[in-house]
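Next come the chains, spelled out residue by residue.
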Amino acid sequence: MLQIKNLVKSFPGGVRAVDNVSLHVAPGDIYGFIGHNGAGKTTTIKCVTGLYDFDEGEIYVDGKSVKEDPMACKMVSAYIPDNPDLYDHLTCMQYLNFIADIYRIPKEPRAEKIKYYADILELSSRLGEPIGAFSHGMKQKVAIIAALLHEPKLLVLDEPFVGLDPKAAHIVKQLLADMCQKGGAVFFSSHVLEVVEKLCNKIAIIKKGKIIVSGLTEDILKDESLEDLFLELTDNE
Amino acid sequence: MNNFFKLVKVNLLEIFYNSRKKKKAGGGAGQAGTILLFLVLFAFVAFAVFTMAMGMGEAMAAVGLLPMLLLIALSFSTIFVLVLCIYRMPGFLFSFKDFDLLMSMPIKPSVILGSKLFTSYLENLGAAALVSLPFMIVYGIMTGAGIAYYLLMILICLFIPLLPMTVGGLLAFGLAKLATKLKMKNLVMIVGMVLVMGLAFAWSFGAQTLTETEGIMASLGMFNQIGSVLFTSRFFVEALSGPNLLSLLIFIGISLGLFALFILLFGRAFRHINTAMRQITGRRRKGKTAKIEVRSPLGALLHKEIRTYFGSFIYIFNTCVGVVLATLLAIVAVILGPTALSFLADLQMVGPDFAPFILMMIFSFFIACGNICAPSISIEGSRFYILRALPIDPKDVFRAKLLLHVIITLPLMVLDAAVLCAVLQFSLANTLLFIVYVAVFVVFIGTLGLSMNLKFPRLDYKDDMTAVKQSASVFSCIMIGMVLAFLPLLPLFLNWPMTLFSAGMIVLYAGAALLLWQFITHGGVRIFRSLQA
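Not measured: the values here are computed from a predicted model.

Trainee: An account of the overall build of chain A is needed here, citing residue identities and associated values.
Mentor: Looking only at helices and strands, chain A features 9 helices and 10 strands. Dimensions of chain A along its principal axes, counting C-alpha atoms only, are 50 × 40 × 35 Å. Counting over 237 residues, chain A shows a buried share of 59%. Here chain A has roughly 9,600 Å² of accessible surface; of this, 48% comes from carbon and sulfur atoms. Averaged over its 26 positive side-chain charges, chain A has a centre that lies 5 Å from the centre of its 34 negative ones.

Dropping the structure here:
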């Protein structure tokens, strides 16, 4: 579903934020991407979602190149940033309509999905309110609903659990699991290592732009906790 | 006081850091171009004002009224800074993005207000100096003043912006205070500022009657009127013409004292008003706004643009000036008849058929002042990622932004143009020429704005005002628009046929708009795809 091959991304000033990163997210995978602050997680994610151009390497989403056919890649994927700045002057419903219009979702399936996700994320009574009046967590919920409306094959999330209350976090985990059971894939970064350990069947740890370990969670962890492994690897490398 | 200087330092570092960041990111050439353009314009305006001051100085010296030059210096600069403040103060004071951070720190709100106003003061000082110094220098030359005069001149100039800033600030606070008590804050702020603009417009028509008699002496009546309102003017003139140290101290004391009093008194209200202005009330509406509405992707983008535009007081106010002024002009013409536009007769040099071309110039100014497209990429700011991450054709984004500009600007401008043509009884040919010119110029300005914003985008602004007013693209568009506005009068000096020239201008602007659209849909798409928020 997502193939990253030898990705290199530098910023002006010669800073190599992502240095020869390769990884593969197959259908059904929930892939956890972890690293310390400034390691290159968000940069990698932004390259995958087409927000950043990259210097070398290739990224394929559902077999299509992000460089050659970005529109096709975006049609089958969805992105939720760590700090979802949305259009404050649109109401929740107007924003969801906007996203659904872009993905050309017909009226009835759109209405069904909005109702379904708004109900389970407890936003049904707030659909008519401007997004600017929402808390961070509520905006996160709106962003999640918007991302799921078009049933993406790949969901890319940057710190998805920040700002969510425990109930909402639990529901989101369930939604991600359901999505993968239906053949989709999830690629997300997080600092909440317990969630990554429980939820993800594959993980990769990035440090200073380089992948230091990647693969099946059970193979990597063995008898260690992810936190211990992470601290060991990121301190010793 | 310590915190005040620290905040001022941070504000100034922010400005310089952003300049250096742009330079490092390869924006050096564009930035250098903007600075050069700005310096050229500054020098041009300074020269024009100086030339005018020399002319007025000679006339006044002939009748022994040279000190009036000093009154004129103060009047012009005060009015100029006041207009700037009315225009910018509400946005400047009530939409800066580090509000939460500053308010959470152990700093008095009055200190925060003072630091913000100080940054604004530096900008207004430049404007005040540009308008007042030429007059004061001419006075010094004509009276053979010594070095002491020029030192006094520089010192007193530092305090000129304070009084108009105090008045502008009071107006901004008054409006904002009213807006916080009502639900539709944006509407209140917009209507309030439009009313203030309308009053200023109406006053200028009244003041015109004082300038209708020929000669500079007739305009002295207007400056005497201003002088009687501007109570510090007596001390200003005495301080420089004497020189009179006591008058100087009184002038500085009044200006500084009122400004300081304003900051102290409104420091508390500043926090409350800012908080209230930032609250977007979440009305539970289960009616229209909770409805499923299906649009095409372009329709969805246009709807988003419209909602964003009408959701930002700063965006509206800083781009509606032209439309408002054109509409006010049309209303005045309808109510008072053609005689209210007697300034057109004053400007006519080649018969009554010249009026359409003067109006073309005026409407070109109005349209250039209201370029909704010029900040339309920058206004996306931190939400830009939404457009980049979604499967949206960048051309649809550009179409939506240009459509917004055309929908807001074109109908009213064309209507105002038609009303003026009817009131002034233009011939059918001139009416058609004028209306088509206005329509084509609106579209051209839109494509120019979009092109400029793609060349000079700024997605890291801290407040709406930076994106809407302080960006290089907005500045460049206004400057280009101002220069182009004079073109309808060019045939007058070159002895070309006006009608043919204007028709040619229409064709050229249409062609230029098409060329710019080509750039937008090709080069612009590449730029859009490379932008990183």
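Trainee: Describe the UniProt feature "domain: ABC transporter" (unreviewed entry) in chain A, and please don't skip the residues or the numbers.
Mentor: When the UniProt feature table is mapped to this numbering, "domain: ABC transporter" (unreviewed entry) covers residues 2–233 of chain A. Helix and strand shares over residues 2–233 of chain A are 38% and 27% respectively, and the end C-alpha atoms of the span are 25 Å apart.

Trainee: Quick one: what's the story with the pattern of salt bridges, residue by residue and with numbers?
Mentor: Applying the stated rule across the entire model yields 20 salt bridges over all chains. Note that lysine 210 of chain A is salt-bridged to aspartate 19 of chain A, the shortest N-O span being 2.8 Å. A residue pair is termed long-range when its members are at least 10 positions apart, and lysine 210 of chain A in strand E10 (residues 210–216) and aspartate 19 of chain A in strand E2 (residues 15–25) qualify at 191 residues. Of the charged contacts in the structure, one is a salt bridge between arginine 399 of chain B and aspartate 396 of chain B, with a shortest N-O distance of 2.8 Å. With arginine 399 of chain B and aspartate 396 of chain B both in helix H17 (residues 394–423) and 3 residues apart, this pair spans about one turn of that helix. Ionic contacts of the salt-bridge type, sharing partners, join the residues Arg16, Asp19, Glu56 and Lys210 of chain A into one network.

Trainee: Tell me about the domain arrangement of chain A, residues and numbers included.
Mentor: Residue and element names in this part refer to chain A. Along its sequence, chain A is organised into domain 1 (2–76 + 153–235) and domain 2 (85–151). A separation of 25 Å is found between the C-alpha centroids of domain 1 and domain 2. Note on domain 1 versus domain 2: buried area summed over both sides is about 1,200 Å², and carbon and sulfur give 66% of it. Where domain 1 touches domain 2, the interface holds 2 salt bridges. Linking domain 1 to domain 2 there are 4 residue pairs in polar contact (both at pLDDT 80 or more). Those elements that provide at least two residues to the side of domain 1 that touches domain 2 are helix H2 (70–75) and helix H6 (166–181). Element by element, the count of residues in the side of domain 1 that touches domain 2 is highest for H6, at 6 residues. Split by residue class, the side of domain 1 that touches domain 2 holds 11 nonpolar, 1 polar and 5 charged.

Trainee: I'd like to hear about the packing of aromatic side chains, residue by residue, with values.
Mentor: For any pair of aromatic rings, geometry is given as the distance between the ring centres together with the angle between the planes. All names here are of chain B. Scanning all chains against the criterion turns up 33 aromatic pairs over all chains. With 5.2 Å between their ring centres and 70° between their planes, phenylalanine 384 and phenylalanine 528 make a pair best called edge-to-face. Linking phenylalanine 384 in helix H16 (residues 384–389) with phenylalanine 528 in helix H23 (residues 523–530), this pair joins segments that are 144 residues apart in sequence. Note on phenylalanine 384: relative accessible area 1%, which makes it buried.

About the thresholds
Residues numbered from 1 in each chain as written. Chains lettered and ligands numbered in written order. Predicted model: local features only at pLDDT ≥ 70, side-chain atom pairs only at ≥ 80, totals over all residues. Heavy atoms only, no water. Helix = DSSP H or I, 4+ residues; strand = E, 2+ residues; numbered from the N terminus. Buried < 20%, exposed > 50% of the residue type's maximum accessible area, 1.4 Å probe, protein only. Areas by Shrake-Rupley, 256 points an atom, 1.4 Å probe, with all protein chains shown as cover. Lys, Arg positive; Asp, Glu negative; His and termini not counted. Charge placed at Lys NZ, Arg CZ, Asp CG, Glu CD. UniProt positions renumbered as here; feature names shortened; annotations may be inferred. Salt bridge = Lys/Arg side-chain N within 4 Å of Asp/Glu carboxyl O. Domains from an automatic or database assignment. Buried area = accessible area lost by both parts, 1.4 Å probe. Polar contact = N/O pair within 3.5 Å; in protein donor to acceptor, adjacent residues only side chain to side chain. Nonpolar A, V, L, I, M, F, W, Y, C, P; charged D, E, K, R; others polar. Phe/Tyr/Trp six-rings, centres within 6.5 Å; stacked < 30°, edge-to-face > 60°.

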